[in-house]
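# Chain and residue survey
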Amino acid sequence: MTTANIINNINLDKIQKTTVNGQKDKQSLKKPVKLEGEWNFDTEKGYQFKTELAYENGRQVIEIDSPSFLGGGGNRLGPMGYCVAGITSCFITTFMTVLSKQGIKLEKLKINAECNINFAKTFDISDEPITEGINFEIDIDDTATTTTSVDRQQLRQLINHG
């Protein structure tokens with residue numbers, strides 16, 4: 001039995017297979033993300049929106065509630081929290097995949113994300129942008145081991161320029 005080539009919890013064998021298939025058929029790289037949800041009208045349930053999302057090995061129910069200043073009860077994570085979590089996980093997964101493909105193995109990585117949301121447009125107060133972007137602060141353990149030599153400058157370059 002062969003052992004999978006896994007670095008940083010990234011299965012490089014699966015990525016290689018996807019790459020090869022994508023080179024043969026670019027359509028195989030297009031993956032739909034679908035959801036069906038329902039607005040909740042019952043204030044006693046503690047959420048405003050509910051969806052059940054399917055993923056490769058199962059399904060997950062997610063209940064979303066807006067913060068009270070937006071008319072919700074603040075009883076669940078709000079829509080913008082899910083947006084920031086999604087963007088952050090996409091960014092850090094891509095970053096870790098790039099590192100892993102280059103043979104760079106880390107022992108620890110933490111990320112802090114911040115996105116200031118401006119609700120002025122929501123309340124028809126002004127036509128300012130809803131956000132000015134998202135900022136990431138990445139903390140990489142200095143004792144990281146690599147199969148190739150890498151320094152902090154190389155990591156900064158990978159973060160800033162992909």
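Each value, and the rule that gives it
Position numbers for residues count from 1 along each chain, tracking the sequence in the order it is written. At least 70 in pLDDT is required for a residue's local features to be given in this predicted model, at least 80 for side-chain atom pairs to be given and counted, and no such filter applies to totals for whole chains, interfaces and linings, which use all residues. In computing side-chain properties, one takes all heavy atoms of the structure into account and sets aside hydrogens as well as water. The salt bridge criterion pairs a side-chain nitrogen of Lys or Arg with a carboxyl oxygen of Asp or Glu, the two atoms within 4 Å. Only DSSP runs of H or I covering at least 4 residues are called helices, and only runs of E covering at least 2 are called strands; the numbering of each starts at the N terminus. Each residue gets one of three labels from its accessible area relative to the maximum for its type: buried under 20%, exposed over 50%, partly exposed in between, using a 1.4 Å probe on protein chains only. Planes of paired rings set the category: under 30 degrees apart is stacked, over 60 is edge-to-face and the rest tilted, where pairs are Phe, Tyr or Trp rings (Trp by its six-membered ring) whose centres lie within 6.5 Å.

## Details of the pattern of salt bridges
In the structure shown here, the tally under the stated rule is three salt bridges. Note that Glu63 is salt-bridged to Arg76, the shortest N-O span being 2.8 Å. In this pair, Glu63 is assigned in strand β5 (residues 58-64) and Arg76 in the loop between β5 and α2 (79-101), connecting sequence segments 13 residues apart. Exposure remark for Glu63: the relative accessible area of 25% places this residue in the partly exposed category. In this structure, Lys121 engages Asp127 in a salt bridge whose closest nitrogen and oxygen atoms are separated by 3.2 Å. Residue classification places Lys121 among the partly exposed residues on the basis of a relative accessible area of 39%.

## Side note on the packing of aromatic side chains
Under the counting rule described, the total for this entry stands at three aromatic pairs. Geometrically, the ring pair formed by Phe91 and Phe95 is stacked, given 6.4 Å between the ring centres and 5° between the ring planes. Taken together, the positions of Phe91 and Phe95, both in helix α2 and four residues apart, correspond to about one turn of that helix. Phe91 sits in the partly exposed class, given a relative accessible area of 22%.

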